[in-house]
Amino acid sequence: MNPLLSVTGLTKSYGAVEVLKGIDFDVAAGEKIALIGPSGSGKSTCLRCLNFLEKPSAGAIHLDGERIGVRLGRPMSDRQLAPQRAEMGMVFQLFNLWPHLSVTENVAIAARKVRGLPAKEAQELALDMLAKVHMTHRADASPLELSGGQQQRVAIARALAQKPKLMLFDELTSALDPELVHEVLKVMEELAAEGRTMLIVTHEIAFARDIADRVLFLDGGRIVEQGPARALILSPREPRTQAFLRQIRH
Amino acid sequence: MSGLSTFTMILEGLLAGAGVTVAVTLASLLLSVSLGFLLAIVRQFGKRRMLHALIDAYCEIMRNIPALTHLFILYFGLASIGFRLSSISAAILGLGLIGGAITCDLFRAGFAALPKGQAEAALAVGFTPYRTIVDILTPQAMRIALPSLGNYAVQLLKDTSIVSAIAAPEIMFYARSMVTSSFQTTLIYSTVAILYLALALPLMRRSACSKPGTRG
Ligand SMILES: Nc1ncnc2c1ncn2[C@@H]1O[C@H](COP(=O)(O)OP(=O)(O)OP(=O)(O)O)[C@@H](O)[C@H]1O
Ligand SMILES: [Mg+2]
């Protein structure tokens, strides 16, 4: 079967600095991949290249067989990219909820304006998605009134409402107080159990071990090691992976 | 004649100009806000370097030439090459064009204050750049710019007094002509001051409410 997402030769440079040095991996439909690695190894950049929030310097990304960001050999504009981006839900470290809109509206607005759903259906969809992340009780609140954990769960609902083929998570618990991490990870486990395709950048190694099918270890802009989650985290082969995992466990 | 009735007479005379003052303020406010918003959008989100340079030059020129000079160019200058504007249109146009440069900066500051993640989140859900600007960035930038726009509106109201120089029949114009005929200089100009304060009051209260640290 063809992979849902395929990344080949992904390279990204900022000026003379090469941050990604040729990344290759596939993600099958329903697969959950954790992306781990030291700070500055290029995890966020890699994720952001997938939906072209950063423009890759070289390489190709295919989602469901369709080339992302390039049409007829020419780079696509942000306007042309919009429908492709809508196929990928993204959750950011700092939530990035829109403070001028209510919680429900944060989740509903794209359904109306991107997918053209009638207002009532978009509203219902938003409430369904908020139920999934256990945020129905704050549907009318402003994002500014919510705790970090609650904001992040709304951000997850916003991405879910896109009905994306693939979900991208960039360190979604790193900005949270420790006591709020659990509620977000619980939601993630529930999503994983639904068979969604998820690409998760995380520093929570235990979480990666339990939730992911496969782990990619990134260092210095390359995938140094990859393999089944449990095996890679319990008995890494590469010295750099070993050093990283030892250090993160203190 | 009693002091009170003199005051009433002066006030009545000045009120004849208040309508023009208010109309010129509102019309030039509308012009400057529309122009400034448009310029800010192009300057902030447009990709053409050439347009950026033009807008920067426009703002720089408008800010660094005295308003009176502008008015004279529009009113006397254009008339001398056969293009005659009424004093009121010249006033609205002059103040509006200058205001466009001022409000352009205010709107740009509003857009610049928004975290990058706001636009990124919008693009990530599949918004086009246009929708991102309209639905996500502009409402937030407006909120940020509102207090300074309020201050600008008060400034504009006061600045309309200079358009008496091109004989637009507003408050200051009537004040001056009354002074020449009655010599009640202090009383007339004090009344002018009170009148401007009264007109500015609704605008001032509005912008004061949104200043940080004051409770509304
Ligand atoms: N816009 C940019 N301009 C220049 N350099 C950048 C830019 N964005 C990222 N970098 C650099 O690219 C490298 C990889 O950054 P990236 O954010 O992808 O790392 P990361 O693995 O996500 O790290 P962290 O765990 O700290 O989030 C870093 O050295 C960073 O300084
Ligand atoms: Mg990162």
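The rules we used
- Residues numbered from 1 in each chain as written.
- Chains lettered and ligands numbered in written order.
- Predicted model: local features only at pLDDT ≥ 70, side-chain atom pairs only at ≥ 80, totals over all residues.
- Heavy atoms only, no water.
- Salt bridge = Lys/Arg side-chain N within 4 Å of Asp/Glu carboxyl O.
- Buried < 20%, exposed > 50% of the residue type's maximum accessible area, 1.4 Å probe, protein only.
- Pairing = 2+ DSSP bridges.
- Helix = DSSP H or I, 4+ residues; strand = E, 2+ residues; numbered from the N terminus.
- Contact = heavy atoms within 4.5 Å.
- Axes fitted to C-alpha atoms, helices over the stretch in contact; angles between N-to-C directions.

Right, let's talk about the pattern of salt bridges for a bit. All names here are of chain A. As enumerated under the stated definition, the model contains 24 salt bridges over all chains in all. We note a salt bridge from Arg85 to Asp78, for which the minimum N-O separation is 3.0 Å. Relative accessible area serves as the criterion here: at 1%, Arg85 is assigned to the buried category. We classify Asp78 as partly exposed; its relative accessible area is 22%.

Here the focus is the sheet that holds strand E2 (residues 17–27) of chain A. Residue and element names in this part refer to chain A. Taken together, four strands build an open sheet; the order of strands is E2-E1-E4-E5 and the sheet is antiparallel. Every interior strand has two partners, whereas the edge strands, E2 and strand E5 (66–67), have only one. Sheet analysis places strand E4 (residues 58–63) next to E5, joined by two bridges and oriented antiparallel. Pairing of Leu63 across the sheet is with Glu66, part of E5. Relative to the sheet, helix H1 (residues 43–50) contacts strand E1 (5–14), E2 and E4, its axis offset from that of E1 by approximately 120 degrees.

Moving on: the sheet that holds strand E3 (residues 32–36) of chain A. All names here are of chain A. Overall, mixed pairing links the six strands, which are arranged E8-E9-E10-E3-E11-E12 in an open sheet. The sheet terminates laterally at strand E8 (88–91) and strand E12 (222–228), the two strands that pair on one side only. Shown here is a sheet whose adjacent strand axes are inclined to one another by a mean of 15 degrees, direction ignored. Here four bridges tie E3 to strand E11 (residues 214–219), and the two strands are oriented parallel to one another. Paired with Ala34 across the bridge in E11 is Val215. Sheet strands touched by H1: E3, E8, strand E9 (166–170), strand E10 (198–201) and E11. Its angle to E9, the strand with the most contacts, is close to 150 degrees. Strand contacts of helix H9 (residues 239–248): E3, E11 and E12, with the helix running at about 95 degrees to E11, the strand carrying the most contacts.

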